[in-house]
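Single-letter residue listing:
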Amino acid sequence: MRQAVSAGWVIPVDGPPLRDAHVAWEDGRIVEVAPGRVARHFGEDALILPGIVNAHSHLEYSVYAGFGDGEPFGSWLATHIARKRVLTRDDMVAIARHGAAQSLGAGITTTADYSFSGAAADAAAELGLRAIVYLEVFGADPRDAEQRFLELRAALPEGELVTVGVSPHAPYTCSAEVYEWCLSLGVPVGTHLAESDGENEWLEHGTGSLAAAAEYLVPPTGRRAVDTLADVLGPGLLCAHCVTLDEDEVAALAQADVPVAHCPRSNALLGCGIAPVVALRDAGVRVGLGTDSPASTPSFDPWDEMRASLGGARARERRPDALTAADVLHLATLGSAAALGLGDELGSLAPGKRADLTVLSLAGSPYDPVEDPVVAAVFGGSPSGILETVVDGKTRYLQEETAWQEVRSTASAARRRMLA
Ligand SMILES: [Zn+2]
């Protein structure tokens, strides 16, 4: 069945914005993006955008907000692990469901989620969020990683919207052998890389802030993080963060065609630094934008993330054209899709692509009436402005109707248990 929506603006991302235009889809795929209103029209002050693609999340940490705020990275991580231990799997699903709801309500239609328990897959399937769920593995021995992966995977729903991947957590918690095993599986693989100075200090010298969490770590390698993974870096290893890179390391990531998930709010709030996103893009690296999770950032809000990316890049480079509004909207949509290897399917509004889209209202914002729709969306966008989110042609969030009251209450009960 053909469906269509129209609004004051359509921003396809891979082409110029269209005034008073519509997007039509059939059987989950876009069939038309063109000028003209249709019966379901969202008004002058609304914009239709491709669904936001979140290149890095942990839905299962949706209610971990504020835990260990201001602590050094190592003790922040230890607090986080200790509290996670009191949760049951049902608690984890309840929390992940909350994260999936927050994502859809913010305009996110696809998320690349690193999942400790696999609960994110249940949540995404239930709420209709497209997700690659990378099951987290840890340690030095690939046999332990394999056992954990197989146990977690056996319990998961795999459906049209959910793809299962694997996440060797980080070079300081997994050996090179574990990375090699993960990459041999033929599923999507994602890791955390070069997030903090502490990571390099541990790997090179066995010292620094991560030493506080030494019981969870693999032994130092005597090399920096990027060099530690040199043999396994490639286009099939999504790397979140990539903050503490020197020039040679930027070149090494570009050379190996490593996709990067840039998470500027998380990196800022944990005191890790500002990633060299301009240098990475200039070097030809596929960069996407990720919100990370409320364990380190306040929300799964991609609009705040876009603004943080813009502010951080301009501040770091000391020039206002270091990154434009169009650049960061691209990062959060087509850039993320390309980083996940899904650039042909997702990330822009074009015939043939999956019908993943979101409708943003700017009513009452300082950008209304709209002058430049891309600038207005990036600076004026917020979850409270999201009117509707469509994934694979189906409405998964409608501002007037979707309340998710039970989702909220079961997630907050799980948080209460962690705080007890
Ligand atoms: Zn992460």
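Our structure is the block above this text.
Okay, so let's go over this structure. (Residues numbered from 1 in each chain as written. Predicted model: local features only at pLDDT ≥ 70, side-chain atom pairs only at ≥ 80, totals over all residues. Heavy atoms only, no water.)

### Points about the sheet that holds strand β13 (residues 357–361)
- Read from one edge of the open sheet, 7 strands run β3-β2-β1-β4-β13-β14-β15, paired in mixed fashion. The strands lining the two open edges of the sheet, one partner per strand, are β3 (29–35) and β15 (394–398). Within this sheet the neighbouring strands show an average axis-to-axis angle of 25 degrees, counted without direction.
- Sheet strands in contact with helix α2 (residues 89–105) are β14 (386–391) and β15, and its direction is about 110 degrees off that of β14. (Pairing = 2+ DSSP bridges. Helix = DSSP H or I, 4+ residues; strand = E, 2+ residues; numbered from the N terminus. Axes fitted to C-alpha atoms, helices over the stretch in contact; angles between N-to-C directions. Contact = heavy atoms within 4.5 Å.)

### Considering the packing of aromatic side chains
- One pass over the full model with this rule turns up 7 aromatic pairs.
- Ring geometry for F116 and F138: centres 6.1 Å apart, planes at 55 degrees, overall tilted. On the criterion of sequence distance, the pair formed by F116 in the loop between β6 (108–115) and α3 (119–127) and F138 in the loop between β7 (130–137) and α4 (142–154) is long-range, its members being 22 residues apart.
- The exposure class of F116 is partly exposed, given its relative accessible area of 24%. (Phe/Tyr/Trp six-rings, centres within 6.5 Å; stacked < 30°, edge-to-face > 60°. Buried < 20%, exposed > 50% of the residue type's maximum accessible area, 1.4 Å probe, protein only.)

### Quick word on the nonpolar core
- Counting 108 residues, the largest nonpolar core has Y172, L193, L233, L253 and M306 as the members making the most contacts within it.
- With 7 residues, α2 is the largest single contributor of residues to this core.
- If we ignore the near neighbours within four places in the chain, the residues touching L193 are P171, E199, A225, V226, L229, L233, C239, A240, H241, C242, V243 and L253.
- Listed in part, the 17 residues of the second largest apolar core include A355, V359, L387 and V390. (Core = buried A, V, L, I, M, F, W, Y, C linked by side-chain atoms within 4.5 Å.)

### Here's the deal with the coordination of the zinc ion
- Protein coordination at the zinc ion comes from H56 (NE2), H58 (NE2) and H192 (NE2), with a distance range of 2.0 to 2.2 Å.
- Along the chain, the residues donating to the zinc ion are arranged with the sequence spacing H-x1-H-x133-H. The residues H56 and H58 share a single accessibility class, namely buried. (Donors = N, O, S within 2.8 Å, 3.2 Å for Na, K, Ca; no water.)

### Things to note about the packing of helix α11 (residues 302–317) against helix α12 (residues 325–339)
- Following both chains from N to C, one finds α11 and α12 inclined at 130 degrees, their axes separated by 9 Å at the closest point. Looking at the two axes, α11 sits oblique to α12. Two packed elements cross with a definite hand, and for α11 against α12 that hand is right-handed. For the pair α11 and α12, contact is made by M306, S309, L310 and R314 and by A325, V328, L329, L331 and A332, respectively.
- Across the contact of α11 with α12, the residue classes tally to 7 nonpolar, 1 polar and 1 charged. (Parallel < 35°, antiparallel > 145°, perpendicular 65-115°, else oblique. Left-handed = near helix turned anticlockwise from the far one by under 90°. Nonpolar A, V, L, I, M, F, W, Y, C, P; charged D, E, K, R; others polar.)

### Some words on the side chain of S309
- Its place among the elements puts S309 in helix α11.
- Aside from chain neighbours lying at most four places away, what touches S309 is H262, P264, L289, L323, V328 and L331.

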